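The primary structure of each chain is shown beneath.
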Amino acid sequence: MPVCPSCNYKEDYNFCRMCGTQVRHTFTNQEDQLFYPLKDRIITDDNEPKHQAILSHTHDLVCAITEDGIYEYASPSYAKTLGVYPDELIGQHVLINAYPEDKHIISTILANMSKTKDASTFEYRKFHVNGTIVLLECKGAPIITSTGEIEGFVFVSRDVTEKRQAEKKIQNSEKLSVIGHLAASIAHEVRNPLTTIKGFVQLFSETQQPKKIMIYRDLIQHELSQIEHIITEFMSLAKQEYVYTDNLVITDLLDEVLKQFEPATGVKNIHIIRHYPKEHPLLVSGQKTQLTQVFIHVIQNAIDSMESGGKLAVSIEKSARETLCIVIKDNGCGIDSKRIPYIGEPFYTTKERGIGLGLTICNKIINEHNGFFHASSEKNDGTSITITLPMKTTGLYVVEA
């Protein structure tokens, strides 16, 4: 078996799968050659060191695959981006570790490029070896022989996970800003006449009235209180003020919130399951009152969805991107997947009672904490709420004696 002249790796392909150096073969006939390597087509003796350096040091994922989708070459950058060494990919199908919902996209792109022989740009997701999802922006092109036949494809992919998250965060911030300005305007216009109406209703309540009139009066007072509650929620959306943040132990904060719900979960026969990492403490920087409000609202929604009892799982997962993912999952009635895109929109609610501002406020709070709020659900299959927050290093956590 030939040996790579650069790293002494035993290699039976035309180039080294460890470092990318070309390993030349002498073939007795054309059938013995497994494939035409990408580097044979783009590298000459003069520019080989230059291209080898590019492939070895680029952060982009560069790969060559056969027409059937089998890896023939993968750049060293795969180890850093996806946690998988290039030699582990050789001989594997390109769909390995691909996000299930994106496998059809990749297969369709390959089929179209085989048919049209044109380049294609698309986005797809793959799993890192630690389980996180990496979003990749890819440019692919067919490798065409001198006879016009396709013998494979070359792809260059770039990790755009953080870029897309930043774009989504900007869009979310802009949306919440518009909602906040609208809320402030409406709240101001409604609160003034509301104060006058409440004053006169209170004045009437101090005088002796027939029983029927008192019933109407109580009904008016109840509806006015409901309007006042909506205005208060609106004002919390419009409020923009600086708040001092603290280093919070997220496990302690969650336990405090869950303790408040012990009477309710006991009555409804709901079993709480905690999945916390062994590492302690897990810190986030935030405003305790606001984050508590978020967790209370999410957990309350989960409990409300389980009328006949069930399980409420609260887990914390550490991401490779120095973030903490707090996942609150129930096995309640769930939400139709078609409604998920509207979760968090003002006045959108699946409850018979409620004004549909709770999750909008939660979204706003998490956004202000530089985090992300995501909901996933299926009808009759429970709901999962994922709250992602930046993690503070344990070095900032000081325990006073």
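For the structure itself, look to the data block above.
Residues numbered from 1 in each chain as written. Predicted model: local features only at pLDDT ≥ 70, side-chain atom pairs only at ≥ 80, totals over all residues. Heavy atoms only, no water.

Asker: Tell me about empty space enclosed by the protein, and please be specific about residues and values.
Answerer: Per the counting criterion, the structure on display carries 2 cavities of 30 Å³ or more. Size it by volume and the largest cavity reaches roughly 100 Å³. Breaking the lining of the largest cavity down by element, the ones donating at least two residues are strand E1 (61-66), helix H5 (103-116), strand E3 (120-127) and strand E5 (150-159). Partitioned by chemical class, the residues of the lining of the largest cavity number 12 nonpolar, 1 polar and 1 charged. What the second largest cavity holds in volume is close to 30 Å³. Around the second largest cavity, the lining residues are Tyr71, Tyr78, Leu82, Val84, Leu89, Ile96, Asn97 and Lys126. Of the residues in the lining of the second largest cavity, the class split is 6 nonpolar, 1 polar and 1 charged. (1 Å grid on protein atoms, 1.4 Å probe; cavity = no way out; pocket = protein on both sides within 12 Å on 5 of 7 lines; lining within 4 Å. Points joined across faces, edges and corners; volume = space filled by probe spheres on them. Helix = DSSP H or I, 4+ residues; strand = E, 2+ residues; numbered from the N terminus. Nonpolar A, V, L, I, M, F, W, Y, C, P; charged D, E, K, R; others polar.)

Asker: Now, about the pairing of strand E4 (residues 133-144): what can you tell me, with residues and values included?
Answerer: Consecutive side chains along a regular strand alternate between the two faces of the sheet. Pairing between E3 and E4: 8 bridges, direction antiparallel. When the sheet's bridge partners are listed, Phe122 is paired in E4 with Cys138. The loop that links E3 with its antiparallel partner E4 comprises 5 residues; one of these, Gly131, has a positive phi angle of about 100°. Of the pairings in the sheet, the one linking E4 to E5 comprises 9 bridges and is antiparallel in character. Bridging across to E5, Leu136 finds its partner in Asp159. Counting the residues in the hairpin turn of E4 and E5 gives 5 residues, including Gly148, whose phi is positive at 90°. (Pairing = 2+ DSSP bridges.)

Asker: Go over the layout of surface pockets with me, naming the residues and quoting the values.
Answerer: Size it by volume and the largest pocket reaches roughly 1300 Å³. Taken together, 30 residues make up the lining of the largest pocket; nearest its centre are Ile133, Gln165, His374, Thr386 and Thr388. The greatest single-element share of the lining of the largest pocket, amounting to 5 residues, is contributed by helix H6 (residues 161-205).

Asker: Outline unusual backbone geometry, supporting the account with residue identities and numerical values.
Answerer: Even without being a glycine, Asn97 presents a positive backbone phi close to 65°. Positive phi, normally seen in glycine, also occurs at Asn269, with a value near 60°. Among the structural elements, Asn269 can be located in the loop between helix H9 (262-267) and strand E7 (270-275).

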